[in-house]
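A look at the structure
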Amino acid sequence: MTGALANAVSMLPSLSWLTGPIFDKELRVSSRRKRNYVLRAAYIALLTVFAAVAWWITVNTGGSSPAYQASRMAEVGKYVITTILWFQFVTIPLIAVVMLSTAINSEIHQRTLGVLMTTPISSVQVVVGKLLSKLLQLILLLGISLPILSIVRVFGGVPWDYVISGLCITLTAAVFAGSISLLLSIYSRDAHSVIVWTILICFLLYVAPLGVFALLRTAYGVVGVDAVFPYINPLVAMSI
């Protein structure tokens, strides 16, 4: 009894009791896939393009004198950082949906799910291991943008709590969207249908309630419900 308790306590810091060997296996497989490196390169390229376009639009608005340009550096920093955060808010959850669209159905297609069920690995470890392994890839993508955000933030106008809160909202939305995609991958072997259904569900949960509330406010004068949206809707929280 004492030995079993000691083993359980020793496993707590590593979280291996929750993730199991699935997490290690997924990380090893991900590190060997070329598409993950291509994804990071493409993400950096798109992020750089969006940041450069936002910089060019803001800098070339108004006068061209050096004094005027220097006075607008804080405004440039705010616009560029806002563009980067919105770019991440759109792309990171979408990447999470695509990554997890084959989380379970690939095991079914390769006929390895039956083998997993015969091992001591629990269903919770299978789900959490696959979810956290993909989540780690998303955290790496978010970490790639930190140097750019740190450099642009030097111009002023943007507090660190805004940057951190934007990253946290993006990560939360990615975890939620990825969880839905993982759930749907159990019932469908087609990755495209999983992606489409996940996007549709996120649309119904994020955008549709805003339209319904707008109609209720216009037609019946209902107010006060919008105070709840920032806590349950990442789109509203990001907008604020």
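Scoring rules and cut-offs
Residues numbered from 1 in each chain as written. Predicted model: local features only at pLDDT ≥ 70, side-chain atom pairs only at ≥ 80, totals over all residues. Heavy atoms only, no water. Helix = DSSP H or I, 4+ residues; strand = E, 2+ residues; numbered from the N terminus. Buried < 20%, exposed > 50% of the residue type's maximum accessible area, 1.4 Å probe, protein only. Contact = heavy atoms within 4.5 Å. Core = buried A, V, L, I, M, F, W, Y, C linked by side-chain atoms within 4.5 Å. Polar contact = N/O pair within 3.5 Å; in protein donor to acceptor, adjacent residues only side chain to side chain. Phe/Tyr/Trp six-rings, centres within 6.5 Å; stacked < 30°, edge-to-face > 60°. Axes fitted to C-alpha atoms, helices over the stretch in contact; angles between N-to-C directions. Left-handed = near helix turned anticlockwise from the far one by under 90°. Nonpolar A, V, L, I, M, F, W, Y, C, P; charged D, E, K, R; others polar. pLDDT = per-residue confidence, 0-100. Patch = residues over 30% accessible without salt bridge, like charges linked within 9 Å, V, L, I, M, F, W, Y side chains within 5 Å. Areas by Shrake-Rupley, 256 points an atom, 1.4 Å probe, with all protein chains shown as cover. Salt bridge = Lys/Arg side-chain N within 4 Å of Asp/Glu carboxyl O. Parallel < 35°, antiparallel > 145°, perpendicular 65-115°, else oblique.

Let us now look at the overall build of the protein chain. Secondary structure assignment for the protein chain yields 13 helices and zero strands. Along the protein chain, helices (α) and strands (β) appear in the sequence α-α-α-α-α-α-α-α-α-α-α-α-α when read from the amino end. Split into buried and exposed, the 240 residues of the protein chain put 35% on the buried side. Taking the intrachain contacts of the protein chain between residues at least 6 apart in sequence as the baseline, contacts between residues at least 24 apart amount to 78%.

One finds Tyr43, Val80, Ile81, Ile92, Leu138 and Leu149 to be the most contacted residues of the largest nonpolar core, which totals 28 residues. Elements with a minimum of two residues in this core: helix H3 (34–59), helix H5 (73–100), helix H8 (123–153) and helix H9 (160–187). Leaving out residues up to four positions away in the same chain, Leu138 has contacts with Ile92, Ile95, Ala96, Met99 and Ala174. Ile104, Leu116, Ile121 and Val126 belong to the second-largest nonpolar core, a separate cluster that totals nine residues.

A separate point is the side chain of Ser185. Along the chain, Ser185 turns up in helix H9. Since its relative accessible area comes to 0%, Ser185 is described here as buried. Among the polar contacts listed, one links the side chain of Ser185 to the backbone oxygen of Leu182, at a separation of 2.5 Å. Here Ser185 is in contact with Leu100, Ser101, Ala103, Ile104, Asn105 and Val194, once residues within four sequence places are set aside.

A word on the packing of aromatic side chains. Within the structure shown, the criterion is met by four aromatic pairs. The interplanar angle of 80° and the centroid separation of 5.5 Å between the aromatic rings of Trp86 and Phe89 together place this pair among those described as edge-to-face. With Trp86 and Phe89 both in helix H5, this residue pair falls three residues apart, about one helical turn. The class for Trp86 is partly exposed, based on a relative accessible area of 30%. By relative accessible area, Phe89 is classed as buried at 10%. Relative to Tyr206, the ring of Phe176 has its centre 6.3 Å away and its plane inclined at 40°; by these criteria the two rings are tilted. With a gap of 30 residues between them, Phe176 in helix H9 and Tyr206 in helix H10 (residues 191–206) connect regions that are remote in the sequence.

Moving on to the packing of H3 against H8. Between H3 and H8, the least distance of the axes is 11 Å, while the angle of their chain directions is 35°. When you trace H3 past H8, the crossing you get is right-handed. Contacts between H3 and H8 involve Leu39, Arg40, Tyr43, Ile44 and Leu47 on the former and, on the latter, Gln137, Leu140, Leu141, Ile144, Ser145 and Ile148. When grouped by side-chain class, the residues that make up the contact of H3 with H8 number eight nonpolar, two polar and one charged.

Let us look at the confidence of the model for the protein chain. Overall, the prediction assigns the protein chain a mean pLDDT of 78, with 82% of residues at 70 or greater. Put simply, helix H1 (residues 2–11) is where the protein chain has its lowest mean pLDDT, 47, and H10 is where it has its highest, 90.

Another aspect to go through is a nonpolar patch on the surface. On the surface, Leu46, Val49, Phe50, Val53, Trp56, Ile57 and Tyr79 cluster together into a nonpolar patch covering about 680 Å² of accessible area. The element contributing the most residues to the nonpolar patch is H3, with six residues. With respect to the secondary-structure elements, Leu46 resides in helix H3. A relative accessible area of 46% means that Leu46 is categorised as partly exposed.

At their nearest, the axes of H9 and H10 sit 9 Å apart, and the two run at 135° to each other. Viewed along their axes, H9 and H10 adopt a mutual orientation that is oblique. With respect to the hand of their crossing, H9 and H10 are arranged in right-handed fashion. Across the interface between the two elements, Ala173, Phe176, Ala177, Ile180, Ser181, Leu184 and Ser185 from H9 touch Val194, Trp197, Thr198, Ile201, Cys202, Leu205 and Tyr206 from H10. For the contact of H9 with H10, a count of residues per class yields 11 nonpolar, three polar and no charged.

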